[in-house]
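# Residue-level structural notes
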Amino acid sequence: MKYNNILHITDDCLYLKSKKQKDIIKYKLSNNIVYGGRISNIKKFMKSFEKLLSENHLNNSLFGETIKVVVASNYTPADITFLKNIINSFNYRKIIIEKELKYYKLNNNIAYINVFDDYFNITYLDEYKKINNIYMETQGFLKTDDILEYLSYILNQKEVYLLGSGELIKEIFSKLEDKFNIKTYIFSNYETHIITSVKGWI
């Protein structure tokens, strides 16, 4: 199925790709509207999304359109149902929700880490080729070096591809390979890599 709109929800920003706009729309969120990838303040999230649509002249023509929403890899079925109920209020005809991990090119030697200043998600294949997703909040670590040591232990010399936004992602990129000899890559468009990878676009 083809989609008129694609929305990527992160802690820091909403990214919207619309058939009526040439460029990806980036809307900065206030603190704690989305936390750990999940919506933590429904009212403020809805106001933010409404403002994004209004500012880009998209709020008067949504009925009958379709949207694909991309969310953090740690979403549970209950989280997905909860989010669908919120997005339903915007009168989309069809809503599909997908996890970010669908757009990772995983193999036994690669791990993806989606990094934000408050948390990170590690996604990789174990020895049985089962997808593992580890969610950790950064407040559980005393300093960045402790995060790097934890990543080194979990990754076991897998190559790392970094996504996300904020200051922590830059620090991990600059230090992980030098300190632990783990090959570390960052996408040039690391903030928008996911939304530009989504298929099914009209």
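Please refer to the structure higher up on the page.
Rules behind the numbers
Residues numbered from 1 in each chain as written. Predicted model: local features only at pLDDT ≥ 70, side-chain atom pairs only at ≥ 80, totals over all residues. Heavy atoms only, no water. Helix = DSSP H or I, 4+ residues; strand = E, 2+ residues; numbered from the N terminus. Buried < 20%, exposed > 50% of the residue type's maximum accessible area, 1.4 Å probe, protein only. Contact = heavy atoms within 4.5 Å. Polar contact = N/O pair within 3.5 Å; in protein donor to acceptor, adjacent residues only side chain to side chain. Expected span 1.5 Å × (residues − 1). Arc of directions from axis to C-beta. Phe/Tyr/Trp six-rings, centres within 6.5 Å; stacked < 30°, edge-to-face > 60°. Axes fitted to C-alpha atoms, helices over the stretch in contact; angles between N-to-C directions. Parallel < 35°, antiparallel > 145°, perpendicular 65-115°, else oblique. Left-handed = near helix turned anticlockwise from the far one by under 90°. Nonpolar A, V, L, I, M, F, W, Y, C, P; charged D, E, K, R; others polar. Salt bridge = Lys/Arg side-chain N within 4 Å of Asp/Glu carboxyl O. Pairing = 2+ DSSP bridges.

## Details of the environment of Ile24
Along the chain, Ile24 turns up in the loop between strand 2 (13–18) and strand 3 (25–28). Overall, the relative accessible area of 29% leaves Ile24 in the partly exposed class. Along the sequence, Ile24 and Lys179 sit 155 residues apart, while their C-alpha atoms lie 36 Å from each other. Once you skip the residues sitting within four places of it in the chain, Ile24 turns out to touch Tyr15, Leu16, Lys17, Thr192, Ile195 and Thr196.

## Comments concerning the environment of Lys179
Along the chain, the position of Lys179 falls in helix 4 (residues 168–180). Remark: the alpha-carbon pair of Lys179 and Ser152, spanning 27 residues in sequence, is separated by 9.4 Å. Among the polar contacts made by the side chain of Lys179, one reaches the side chain of Asp145 at a distance of 2.9 Å.

## A word on helix 2 (residues 77–88)
Between its first and last C-alpha, helix 2 extends 16 Å over twelve residues, near the 16 Å set by a 1.5 Å rise per residue. Turning to helix 2, its buried residues number three or more, namely Asp79, Leu83, Ile86 and Ile87. Take helix 2 and look down its axis: the buried residues cluster within an arc of 95°, on one side only. Opposite the packed face of helix 2, turned more than 90 degrees from it, sit the exposed residues Pro77, Ala78 and Asn85. On its buried face, helix 2 sits against strand 1 (5–9), strand 5 (38–39), helix 1 (42–55), strand 6 (66–71) and strand 7 (94–99).

## A look at the packing of aromatic side chains
Tallied over the entire structure, the rule returns twelve aromatic pairs. With a centroid separation of 6.4 Å and 25° between ring planes, the pair formed by Phe45 and Phe49 is classed as stacked. Within this pair, Phe45 and its partner Phe49 are both found in helix 1, separated by four residues, close to a single helical turn. On the basis of relative accessible area, Phe45 is assigned to the buried category, the value being 0%. The exposure class assigned to Phe49 is buried, which follows from its relative accessible area of 0%. Feature note: the residues Tyr104, Tyr112, Tyr161, Tyr185 and Phe187 constitute an aromatic cluster, connected by ring pairs.

## A few points about the packing of helix 3 (residues 144–155) against helix 4
Two elements in contact, helix 3 and helix 4, have axes whose closest approach is 10 Å; the angle formed by their N-to-C orientations is 60°. As far as their axial angle goes, helix 4 and helix 3 are oblique. Every pair of crossing elements has a handedness; the one defined by helix 3 and helix 4 is right-handed. Between helix 3 and helix 4, the residues in contact are Thr144, Asp145, Ile147, Leu148, Glu149, Leu151, Ser152 and Leu155 and Leu168, Glu171, Ile172, Lys175, Leu176, Lys179 and Phe180, respectively. Grouping the amino acids of the contact of helix 3 with helix 4 by side-chain chemistry returns eight nonpolar, two polar and five charged.

## Some details on the pattern of salt bridges
The tally for this structure, following the rule as stated, stands at ten salt bridges. Here Glu65 and Lys20 are joined by a salt bridge, their closest N and O atoms 3.2 Å apart. Of this pair, Glu65 sits in the loop between helix 1 and strand 6 while Lys20 is found in the loop between strand 2 and strand 3, placing the two residues 45 residues apart along the sequence. For Lys20, a relative accessible area of 41% gives the class partly exposed. Note that Asp145 is salt-bridged to Lys179, the shortest N-O span being 2.9 Å. With Asp145 in helix 3 and Lys179 in helix 4, this residue pair connects regions lying 34 residues apart in the sequence. Using a relative accessible area of 46% as the deciding quantity, one classes Lys179 as partly exposed.

## Some thoughts on the side chain of Thr144
For Thr144, the location among the structural elements is in helix 3. Its relative accessible area of 17% is what places Thr144 among the buried residues.

## Quick look at the pairing of strand 1
A large share of strand 1 lies buried, amounting to five of its five residues. The alternating pattern of strand 1 places Asn5, Leu7 and Ile9 and Ile6 and His8 on opposite faces, both of which are buried. Relative to strand 2, strand 1 runs antiparallel, the two being bridged by five bridges. Paired with His8 across the strands is Tyr15, a residue of strand 2. Linking two consecutive strands that pair antiparallel, namely strand 1 and strand 2, is a turn of three residues. Pairing between strand 1 and strand 6: four bridges, direction parallel. Each bridged residue has a counterpart across the sheet, and for Leu7 the counterpart in strand 6 is Val69.

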